[in-house]
Amino acid sequence: MSSPDRTEHPLFAPLVLVGGLIFGFGLAYSQMARPEVVLDFLQFEDFGLVFVMFGAAIVTGIAFFLVPRIRDRAPMTGDAYERRLKSFDRNVLIGGSIFGVGWGLSGICPGAAYASLGIGNVTILWALVGMFAGAYLQGVWRSRSQDTDATAASAD
């Protein structure tokens, strides 16, 4: 976790932008930003998405294995490399299920939705609005449940 008082490298934001552009271009180039391609995958009619995901997993796995052995800190933020494990709990199961249903209904996941908008799929705005609304409602629900938990704890 980064400390709030540290200063990031001046190239941090531009490099994040460039990384996003490369990611979006890759999604568009591989046709993964087209909902019909994703829906064909989910209906076991086209397995191109498997190869794209497998290729990305290989590159990520190699990076996660090698980079901490080459450097002890991230070059742009100065943060130490560390594993951040999240336990498999009820929230992960429910959230993953909701995400999967949304992915299946819309044929697009959040990262690919922006790339899809970039290739001219304006109707994807409905999915983006739904994603933002869902995230907002989850945040409201979580803050209310935390307030309720804090009130119950203080009453004890």
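Conventions we followed
Residues numbered from 1 in each chain as written. Predicted model: local features only at pLDDT ≥ 70, side-chain atom pairs only at ≥ 80, totals over all residues. Heavy atoms only, no water. UniProt positions renumbered as here; feature names shortened; annotations may be inferred. Helix = DSSP H or I, 4+ residues; strand = E, 2+ residues; numbered from the N terminus. Phe/Tyr/Trp six-rings, centres within 6.5 Å; stacked < 30°, edge-to-face > 60°. Buried < 20%, exposed > 50% of the residue type's maximum accessible area, 1.4 Å probe, protein only. Salt bridge = Lys/Arg side-chain N within 4 Å of Asp/Glu carboxyl O. Polar contact = N/O pair within 3.5 Å; in protein donor to acceptor, adjacent residues only side chain to side chain. Contact = heavy atoms within 4.5 Å. Core = buried A, V, L, I, M, F, W, Y, C linked by side-chain atoms within 4.5 Å.

*Asks:* Sorry, what's going on with the UniProt feature "transmembrane region" (unreviewed entry) in the protein here?
*Replies:* Following the UniProt record, one finds the feature "transmembrane region" (unreviewed entry) at residues 12–29, 49–67, 88–106 and 112–137. Taken end to end, residues 49–67 is 100% helix and 0% strand, and its two terminal C-alpha atoms sit 27 Å from one another. End-to-end, the C-alpha atoms of residues 112–137 are 22 Å apart, and along that stretch the chain is 81% helix and 0% strand.

*Asks:* Is there a simple way to think about the packing of aromatic side chains in this case?
*Replies:* Overall, the coordinates contain two aromatic pairs when judged by the stated rule. Ring geometry for Phe25 against Tyr29: centres 6.0 Å apart, planes inclined by 15°, an arrangement best described as stacked. You can see Phe25 and its partner Tyr29 sitting in helix 1 (residues 12–29), four residues apart, about one turn around the helix. Residues Phe25 and Tyr29 agree in their burial class; the two are exposed. With a centroid separation of 6.3 Å and an interplanar angle of 45°, the aromatic rings of Phe41 and Trp103 are classed as tilted.

*Asks:* Explain unusual backbone geometry here, please?
*Replies:* Phi is mostly negative for residues that are not glycine, and the peptide bonds are mostly trans. For Gln31, which is not glycine, the phi dihedral falls at a positive 70°. Of note, the phi angle at Phe44 is positive, near 60°, even though the residue is not glycine. As for its placement among the helices and strands, Phe44 is situated in the loop between helix 2 (35–42) and helix 3 (48–70). For Phe44, a relative accessible area of 66% translates into the label exposed.

*Asks:* Sorry, what's going on with the pattern of salt bridges here?
*Replies:* When the charged atoms of two side chains with opposite charge come close together, those side chains can pair. Taken as a whole and assessed by the stated rule, the structure comprises one salt bridge. Note that Glu36 and Arg34 form a salt bridge whose closest N and O atoms lie 2.8 Å from each other. Judged by relative accessible area, which is 40%, Glu36 ranks as partly exposed. Note on Arg34: relative accessible area 30%, which makes it partly exposed.

*Asks:* Sorry if this is basic, but what is going on with the side chain of Asn121 here?
*Replies:* Along the chain, the position of Asn121 falls in the loop between helix 5 (110–118) and helix 6 (124–155). Only 2.9 Å separates the side chain of Asn121 from the side chain of Ser116, close enough to count as a polar contact. Separated by 2.7 Å, the side chains of Asn121 and Thr123 make a polar contact. If we skip the residues at most four places from it in the chain, Asn121 touches Pro35 and Ser116.

*Asks:* Could you clarify how one ought to interpret the nonpolar core in this entry?
*Replies:* Soluble globular proteins: nonpolar side chains tend toward being buried together. In terms of nonpolar packing, the biggest core is built from 15 residues, with Leu27, Met32, Leu49, Trp103, Ile108, Ala113 and Ile124 touching the most fellow members. For this core, the secondary structure elements donating two or more residues are helix 2, helix 5 and helix 6. Leu27 has contacts with Met32, Ala33, Gly111, Ala112 and Ala115, leaving out every residue within four places of it along the chain.

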